[in-house]
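Coordinate analysis (summary)
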Amino acid sequence: MQAAHVRATAIPSFTDALRAVESLLLRGGQRTARRNAWTSVLEDRRRAKDRIEAQRVLDQFATAAQH
C-alpha cells in the first residue's frame, strides 16, 4: 500500500494577507506612499526611544556628579 501524496501549501501570514488586500485596493503610488509613511513612523519611534535612553543616561550622570 502506498501513502497518498500530500501537497503542503504554506498558510499566508497576516502580513501577506494585508499586502494582498492592499494591492487590490490601492494603486501603486498610494501603496508606496503608505509604506513610506509607515517607515517614517517607525523611524520616529526609534529616534524617540533613543532620545529617552540618552536622557536617562544624562540624568544618571547628573545624579552621580552631585554626590
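Right above here is the structure, for reference.
Let me sum up the structure you'll find in this document. Since we're looking at a predicted model, the values are computed, not measured.

Attention now moves to the overall build of the protein chain. Along the protein chain, the regular secondary structure elements total two helices and zero strands. A burial count over the protein chain gives 1% of its 67 residues as buried. Total accessible area on the protein chain stands at roughly 6600 Å², and carbon and sulfur atoms take up 61% of it.

For side chains bearing opposite charge, pairing can occur when the charged atoms are close. Within the structure shown, the criterion is met by five salt bridges. Across the salt bridge formed by Asp44 and Arg47, the nearest N and O atoms sit 2.3 Å from each other. Linking Asp44 with Arg47, this pair stays in helix H2 (residues 28-66), spanning three residues, or about one helical turn. Overall, the relative accessible area of 42% leaves Asp44 in the partly exposed class. Of the residues examined, Arg47 reaches a relative accessible area of 37% and is grouped as partly exposed. Several salt bridges converge on common partners, so that one network encompasses Glu43, Asp44, Arg46, Arg47 and Asp50.

A contiguous nonpolar surface patch, about 350 Å² in accessible area, is contributed by Val21, Leu24 and Leu25. You can see Leu24 is positioned in helix H1 (residues 14-25). For Leu24, a relative accessible area of 74% translates into the label exposed.

At a closest axis distance of 9 Å, the pairing of H1 and H2 adopts a crossing angle of 135 degrees. Between H1 and H2, the angle falls in the class oblique. On H2, the residues that touch Arg19, Glu22 and Ser23 of H1 are Arg31, Arg34 and Arg35. Residues that form the contact of H1 with H2 fall into these classes: no nonpolar, one polar and five charged.

Reading the values: the criteria
- Residues numbered from 1 in each chain as written.
- Predicted model: local features only at pLDDT ≥ 70, side-chain atom pairs only at ≥ 80, totals over all residues.
- Heavy atoms only, no water.
- Helix = DSSP H or I, 4+ residues; strand = E, 2+ residues; numbered from the N terminus.
- Buried < 20%, exposed > 50% of the residue type's maximum accessible area, 1.4 Å probe, protein only.
- Areas by Shrake-Rupley, 256 points an atom, 1.4 Å probe, with all protein chains shown as cover.
- Salt bridge = Lys/Arg side-chain N within 4 Å of Asp/Glu carboxyl O.
- Patch = residues over 30% accessible without salt bridge, like charges linked within 9 Å, V, L, I, M, F, W, Y side chains within 5 Å.
- Axes fitted to C-alpha atoms, helices over the stretch in contact; angles between N-to-C directions.
- Parallel < 35°, antiparallel > 145°, perpendicular 65-115°, else oblique.
- Contact = heavy atoms within 4.5 Å.
- Nonpolar A, V, L, I, M, F, W, Y, C, P; charged D, E, K, R; others polar.

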